[in-house]
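Analysis of the macromolecular model
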Amino acid sequence: MKKIAIQLIALALLVSSCSDYLDVPNPNAIPSDSYFASETDVNNAVAGIYNAIRSNNCLGETSDLFSEERSDNAGRLDNQSNAGEPFQFTNFSLLPSNTYLKTHWSALYVSVSRANYVLSYIDDPAIKFSNEANRAIYKSEALFLRALTYFHLVRKWGDVPLVTENLVSYDQIVESTYRSPKEQVYNQIVADLKEALNSTIPNLQAASGKGRACKAAINGLLGQVYLTMAEVLSSGNSDNLASAKTYLEAAYAMRTFGQLSDVPYADVFDVTKKNTCPEIIFQIVYKQGDQNYFSNVAARNQSIGETINSLKPAAGQGTYVNPDLVNDYETGDIRKDLSIKFANNAKAQAWFITKYRDASSTAGTNGWGGNDFILMRFADIILLLAEVNERIGNQAEAIGYLDQARKRAGLPDYATSNANAAYHDKYNTLRAAILHERRVELAFENHRLFDLLRTFGSNPQEFVNYITSKKQADYGISDLHNVGTKDIYYPIPFDEYKLDPEKMYQNPGY
């Protein structure tokens, strides 16, 4: 935390389809004590927050280590690479000294510090804007990105340091080095997102603005935050559920299509349609064929002997897909063939991810793909609406939203499926059916861990029971017996804990 808090704003180019963001002057030329002299300075500083979010150690495309591999969706068949540290996540044997864990924590706080830098000085009347409305828009973006980052921090670690201003002295850093109760962190996230709605930021970004925040994303995140609060906090459940419904419905109302089936599932991940697909709300932008800002998600996930994802020859097995997830796809679900494939190579007989593909000549044999990494889309919002309505007791509404996803996937509606004994035995409540639907709809989009924590987080033993009830053979080489109640949170990285063992106290079980 100490190193992060005093870090100067080291801004980089924001890679976007918006050409204005491809030619940004070196922001390090702006002394940190000069703050902002112009709208251009503010624009560059906001670009720096997006760039921080884009880091693979933060929320970029390879951050699946901190989410998918921590869930029951994906894992590893190698427990030795990089001193075995990545394997600790999927094996539920994570140590506070894990360097990947510390890097993730640090990257998230880089995003926080850059957002704080903007928010601490953007209201200075000396900064002149070509249009005063732009000031509020930039502020909305910074507030949204800070809230998004803290939402990841609080769900992964619980109580975390809550810093909302730019720290400029050692004394300020020391004073801020302590864990704030998670309730305070959630309250700050809500406050940031509500304030972020007070601008003329567009409901949805046009093609030229893809990769930037929008009002649908702010509403959608706020709805998910309230839904999470209703599940993991000890008070205010009914009010939080009502607020979740309000903001999720506000996001849903901003769509430009009718039913989800109006948007083919394959279009969502088609690299040629990433700027025009009406389902995508918020994404991290990558640039096809660019050696600095390309996406590696297609090539990285490809298995040896395969060409479905990329023209780049693969040497490994790609990301290992747990058979437990494979078995969760229903017969006839079109999402399965798009999302996963079995590699029958002698060196790799396992399922791998095919959801992200770019085998274009522009990406070429270098695998410099153009896939954007989607952080929010309308199917997510629709299934969250199914979830919140089920919690409230509005079963008919919940089923209506659930059926939107099932219809597009080519599956029978819920009533028909629930009458089938095999389906009903596996998903014997509407809540279980929604959790299942989110899993297969949003697989490998970094939602599964949070869905599990939201569902079982109020009772950690339920989380343990859910994971350990699975077949070990369907979970790769990760040992399910390692799972304990401690695993609803990550350990505080040791380097952060040792700054002040009393104020930076360790999570239970570590």
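Since the structure is predicted, the reported quantities are computational estimates derived from the model, not experimental observations.

The rules behind these values
- Residues numbered from 1 in each chain as written.
- Predicted model: local features only at pLDDT ≥ 70, side-chain atom pairs only at ≥ 80, totals over all residues.
- Heavy atoms only, no water.
- Helix = DSSP H or I, 4+ residues; strand = E, 2+ residues; numbered from the N terminus.
- Rg over C-alpha atoms; globule rule 2.2 N^0.38 Å.
- Buried < 20%, exposed > 50% of the residue type's maximum accessible area, 1.4 Å probe, protein only.
- Axes fitted to C-alpha atoms, helices over the stretch in contact; angles between N-to-C directions.
- Parallel < 35°, antiparallel > 145°, perpendicular 65-115°, else oblique.
- Left-handed = near helix turned anticlockwise from the far one by under 90°.
- Contact = heavy atoms within 4.5 Å.
- Salt bridge = Lys/Arg side-chain N within 4 Å of Asp/Glu carboxyl O.
- Core = buried A, V, L, I, M, F, W, Y, C linked by side-chain atoms within 4.5 Å.
- Expected span 1.5 Å × (residues − 1).
- Phe/Tyr/Trp six-rings, centres within 6.5 Å; stacked < 30°, edge-to-face > 60°.
- Lys NZ or Arg CZ within 6 Å of the ring centre and 35° of its normal.
- Pairing = 2+ DSSP bridges.
- 1 Å grid on protein atoms, 1.4 Å probe; cavity = no way out; pocket = protein on both sides within 12 Å on 5 of 7 lines; lining within 4 Å.
- Points joined across faces, edges and corners; volume = space filled by probe spheres on them.
- Nonpolar A, V, L, I, M, F, W, Y, C, P; charged D, E, K, R; others polar.
- pLDDT = per-residue confidence, 0-100.
- Disulfide = S-S within 2.5 Å.

The subject of this paragraph is the overall build of the chain. In terms of regular secondary structure, the chain is built from 21 helices and six strands. By the compact-globule yardstick of 24 Å for 510 residues, the chain fits well, its C-alpha radius of gyration being 22 Å. In terms of principal-axis extent, the alpha carbons of the chain reach across some 65 × 50 × 50 Å. The burial tally for the chain puts 59% of its 510 residues in the buried class.

Where helix 5 (residues 133–157) contacts helix 8 (residues 215–232), the two axes come as close as 11 Å, and the packing angle between them is 25°. When the axis of helix 5 is compared with that of helix 8, the two are roughly parallel. For the crossing formed where helix 5 meets helix 8, the hand is left-handed. Together, Phe144, Ala147, Leu148, Phe151 and Arg155 of helix 5 and Ala217, Ile218, Leu221, Gln224, Val225 and Thr228 of helix 8 make up the contact between the two elements.

So, about the pattern of salt bridges. One pass over the structure, following the stated rule, counts 43 salt bridges. Residue Asp372 pairs with Lys274 through a salt bridge whose shortest N-O separation is 2.9 Å. Pair noted here: Asp372 is in the loop between strand 5 (348–353) and strand 6 (373–377) and Lys274 is in the loop between helix 10 (265–268) and strand 2 (280–284), with a separation of 98 residues, a long-range link. Residue classification places Asp372 among the buried positions, given a relative accessible area of 8%. Assessed through its relative accessible area of 14%, Lys274 is described here as buried. Asp451 is paired through a salt bridge with Arg454; the nearest N and O atoms lie 2.8 Å apart. Here the residue Asp451 and the residue Arg454 both occupy positions in helix 19 (residues 448–456), the gap between them amounting to three residues, near one helical turn. Accessibility expressed as a relative area gives 1% for Asp451, which makes it buried. One network of salt bridges, with partners in common, ties together Glu279, Glu330, Asp333, Arg335, Lys355, Arg377, Arg406, Arg408, Glu437, Glu441 and Glu445.

Bringing the nonpolar core into the picture now. By size, the foremost hydrophobic cluster in this structure holds 139 residues, and its most contacted members are Tyr150, Ile189 and Phe282. The element contributing the most residues to this core is helix 5, with 13 residues. Among residues more than four places away in sequence, those in contact with Phe282 are Tyr50, Phe144, Leu145, Leu148, Gly211, Arg212, Ala213, Ala217, Ile374, Leu375 and Met376.

Another point: helix 2 (residues 39–54). Here helix 2 is 16 residues long and its end C-alpha atoms lie 23 Å apart, about the 22 Å a rise of 1.5 Å per residue gives. Of all 16 residues making up helix 2, 15 are buried, and the element is well covered by its neighbours.

All chains considered together, the criterion is met by 24 aromatic pairs. With a centroid separation of 6.3 Å and an interplanar angle of 70°, the aromatic rings of Tyr414 and Tyr423 are classed as edge-to-face. For the pair shown, Tyr414 and Tyr423 are each scored as buried. Ring pairing ties together the aromatic residues Phe66, Phe89, Trp105, Tyr109, Tyr150, Trp157 and Tyr490, which thus form one cluster. Lying across the ring of Phe450, Arg155 places its NZ or CZ 3.6 Å from the centre. The side chain of Arg255 reaches across the aromatic face of Tyr252, ending 3.8 Å from its centre.

Where strand 4 (residues 340–345) and strand 5 come together, six bridges link them in antiparallel fashion. Across the sheet, the residue bridging to Asn344 is Gln349, located in strand 5. Counted between consecutive antiparallel strands, the loop separating strand 4 from strand 5 contains two residues.

Turning our attention to empty space enclosed by the protein. As enumerated under the stated definition, the model contains seven cavities of 30 Å³ or more in all. In this model, the largest cavity occupies a volume close to 260 Å³. In this structure, the largest cavity is lined by 22 residues; those nearest its centre are Leu148, His152, Arg155, Leu375 and His447. A total of six residues in the lining of the largest cavity trace back to one element, the largest contributor, which is helix 5. Across the lining of the largest cavity, the residue classes break down as 12 nonpolar, six polar and four charged.

Contact geometry for helix 9 (residues 237–252) and helix 14 (residues 378–392): axes closest at 10 Å, N-to-C directions at 150°. Viewed along their axes, helix 9 and helix 14 adopt a mutual orientation that is roughly antiparallel. The crossing of helix 9 and helix 14 is left-handed. Every residue of helix 14 that contacts helix 9 at Leu241, Ala244, Lys245, Leu248, Glu249, Ala251 and Tyr252 is listed here: Phe378, Ile381, Ile382, Leu384, Leu385, Val388, Asn389, Arg391 and Ile392. Tallied by class, residues from the contact of helix 9 with helix 14 come to 12 nonpolar, one polar and three charged.

Most of strand 6 sits out of view: five of its five residues are buried. In the sheet, strand 2 pairs with strand 6 via four bridges, with the strands oriented antiparallel. Residue pairing across strands places Phe282 opposite Met376, the latter belonging to strand 6.

The subject of this paragraph is unusual backbone geometry. You will see that Asn82, though not glycine, has its phi angle at about 50°, which is positive. Following the sequence through the fold, Asn82 ends up in the loop between strand 1 (74–75) and helix 3 (85–90). Despite not being glycine, Ala83 shows a phi value in the positive range, around 60°. Turning to its location among the elements, Ala83 is positioned in the loop between strand 1 and helix 3. By relative accessible area, Ala83 is classed as exposed at 72%.

Before going further, it helps to spend a moment on the confidence of the model for the chain. When pLDDT is averaged across the chain, the result is 92; 93% of the residues are at 70 or more. The model gives residues 1–31 a pLDDT under 50, and that stretch makes 70 contacts with residues more than four places away or in other chains.

This paragraph deals with the state of the cysteines. Following the criterion strictly, the structure yields zero disulfides and no others. Sulfur of Cys214: no disulfide; nearest cysteine sulfur belongs to Cys277 and is 13 Å away.

With that out of the way, let us pick up the environment of Asn240. Within the secondary structure, Asn240 sits in helix 9. The exposure class of Asn240 is buried, given its relative accessible area of 9%. Expressed as a C-alpha distance, the spacing of Asn240 and Ile467, which sit 227 residues apart in the sequence, is 27 Å.

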